[in-house]
Amino acid sequence: MPSWQSAILTGFSRITRQRGLAAATPIEEIRRQYDSMAVRFGQVPGDAVFEASQIGPIKGEWVRVAESDPHRLILYFHGGGFIAGSPETHRPLVAKLCQAAGASAFSLQYRLAPEYPFPAGLRDGIDAYRHLLQRGISARSIVLAGDQAGGGLAFACALAIRNAGLPMPAGIVAMSPWADLSLSGMSMVQNARSDAALSWELLFISARHYLKKQNPTDPYASPIFANFRDFPPIMVHAGSDEVLRDDASRIGDRAAEANVPVSVEIYDGMQHVFQASPHAAEARVSLARLGQFIRSRTPDAPKAKAAVSS
């Protein structure tokens, strides 16, 4: 049974849920509604430090906490439907993941649609990864991570890394990933009423802005249509009440088909990116498990050669 704290989060999400969206809705209004979800993330941890920077040409910010190990790096892709969000909107969530993992993070300010449609954000991700490797940071020290659209980008980036013949990262973690822009999962229908944050209409409009006229089943846009051969171990968490539940479970299917170690955890009664709740017990459990996964995949020095600096 969900905790009473999570029930409060669900109620708040229903208040801020997007309504009355249409194809003609101005992009500024859609972005405003996406950004309003970030209010759920709560306060930034007191020990978190944020530093605007660039990795090669790719902008973003370094996130460090007291527990950060310089040999453990999260390359983070924020959510926002590929059209909204920023490292700043996701600071509380990224910092809490860093605390749980004992890691630093580089939170990408990847280019957003519709000004920069698919595959601009993906190119920013793989370019950032290339520059990290060029700095001498070992792939064994890097975990790709993200939420919602950023979770999908993390898997798309892993696909691009593999196909480019680059060293694969140590692992991939995702919270409520959006990995199917064709919106074909049954949970889109089954959870249409229970999802207090997202709707089919919002995701459809977001995908339309991102893809323009590209195929929504392109594996680089929708990683659930990719072959996960040679991917690193994966951990994905989602809520049972969200429309993206099946995106998470189908990522597990693709990984299992490719004999990739995978853990997909669907939290009963939970909403989209429930880790945002500063009080819910489920959020703490999920972040702790994601953090432990990252720790287990990124050995302490001197086994992993890395030097995270701006």
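The rules behind the values
Residues numbered from 1 in each chain as written. Predicted model: local features only at pLDDT ≥ 70, side-chain atom pairs only at ≥ 80, totals over all residues. Heavy atoms only, no water. Helix = DSSP H or I, 4+ residues; strand = E, 2+ residues; numbered from the N terminus. Contact = heavy atoms within 4.5 Å. Buried < 20%, exposed > 50% of the residue type's maximum accessible area, 1.4 Å probe, protein only. Pairing = 2+ DSSP bridges. Axes fitted to C-alpha atoms, helices over the stretch in contact; angles between N-to-C directions. Right-handed = clockwise from strand over helix to strand, strands pointing away. Expected span 1.5 Å × (residues − 1). Disulfide = S-S within 2.5 Å. Parallel < 35°, antiparallel > 145°, perpendicular 65-115°, else oblique. Left-handed = near helix turned anticlockwise from the far one by under 90°. Nonpolar A, V, L, I, M, F, W, Y, C, P; charged D, E, K, R; others polar.

Caption draft 1: Fine view of the environment of Phe77. Along the polypeptide, Phe77 turns up in strand β3 (residues 69–77). Spatially, the C-alpha atoms of Phe77 and Phe228 are 19 Å apart, while their sequence positions differ by 151 residues. Not counting residues up to four positions away in its chain, the partners in contact with Phe77 are Leu108, Tyr110, Gly125, Ala145, Gly146, Asp147, Gly150, Gly151, Leu153, Ala154 and Cys157.

Caption draft 2: Representation of the pairing of strand β2 (residues 58–64) in the model. Extensive coverage of β2 is indicated by the burial of 5 of its 7 residues. Sheet analysis places strand β1 (residues 49–55) next to β2, joined by 7 bridges and oriented antiparallel. Residue Ala52 lies in a different strand from β2, and its bridge partner there is Glu61. Here β1 folds back onto β2, and the loop between the two strands holds 2 residues, one of which, Gly56, carries a positive phi near 60°. In the sheet, β2 pairs with strand β4 (residues 103–108) via 4 bridges, with the strands oriented antiparallel. Note that in β4 the partner of Gly60 across the bridge is Leu108.

Caption draft 3: Broad picture of the sheet that holds β4. Read across the sheet, 8 strands follow the order β1-β2-β4-β3-β5-β6-β7-β8 without closing on themselves; strand pairing throughout is mixed. The open sheet has two edge strands with one neighbour each: β1 and β8 (262–267). Here the average twist between neighbouring strands, direction ignored, is 20°. Two elements, β3 and β4, share 5 bridges in a ladder whose sense is parallel. Counted as the bridge partner of Ile74 is Ala105 from β4. Across the face of the sheet, helix α5 (residues 149–163) comes into contact with β3, β5 (142–147), β6 (171–175) and β7 (234–239) while running at roughly 145° to β5.

Caption draft 4: Just the pairing of β6, in detail. Buried residues dominate β6, accounting for 5 of its 5 residues. Both faces of β6 are covered, namely the face carrying Gly171, Val173 and Met175 and the face carrying Ile172 and Ala174. Read from β5 through α5 to β6, the crossover connection turns out right-handed. Judged from the 4 bridges that link them, β6 and β7 form a sheet pairing that is parallel. Looking at the pairing, Val173 lines up with Met235 of β7.

Caption draft 5: Local environment of α5. The terminal C-alpha atoms of α5, which comprises 15 residues, lie 21 Å apart, in line with the 21 Å expected from a rise of 1.5 Å per residue. With 14 of 15 residues buried, α5 is to be regarded as a mostly interior element. Looking at the residues trailing α5, positive phi occurs at Gly165, about 75°.

Caption draft 6: Broad picture of the state of the cysteines. On inspection of all chains with the given rule, the structure shows 0 disulfides. There is no disulfide at Cys98, and the cysteine sulfur nearest it, in Cys157, is 17 Å away. Note on Cys157: relative accessible area 0%, which makes it buried.

Caption draft 7: Layout of the packing of helix α4 (residues 120–134) against α5. One way to put it is that α4 packs onto α5 with a least axis distance of 9 Å and a crossing angle of 60°. The angle between the axes of α4 and α5 places the two elements in the oblique class. Two packed elements cross with a definite hand, and for α4 against α5 that hand is right-handed. Every residue of α5 that contacts α4 at Gly121, Leu122, Gly125, Ile126 and Tyr129 is listed here: Leu153, Ala156, Cys157, Ala160 and Ile161. A per-class count over the contact of α4 with α5 returns 8 nonpolar, 2 polar and no charged.

Caption draft 8: Region of the structure containing unusual backbone geometry. Of note, the bond from Ala113 into Pro114 is cis; its omega dihedral lies within 30 degrees of zero at 5°. One can find Pro114 in the loop between β4 and α4. With an omega of 10°, the peptide bond between Phe118 and Pro119 qualifies as cis. Note on placement: Pro119 falls in the loop between β4 and α4. For Phe82, which is not glycine, the phi torsion reads 70° and is therefore positive. A positive phi is found at Ser176, a non-glycine position, where the angle reads about 45°. Its location among the elements puts Ser176 in the loop between β6 and α6 (187–190). Owing to a relative accessible area of 0%, Ser176 belongs among the buried residues under this scheme.

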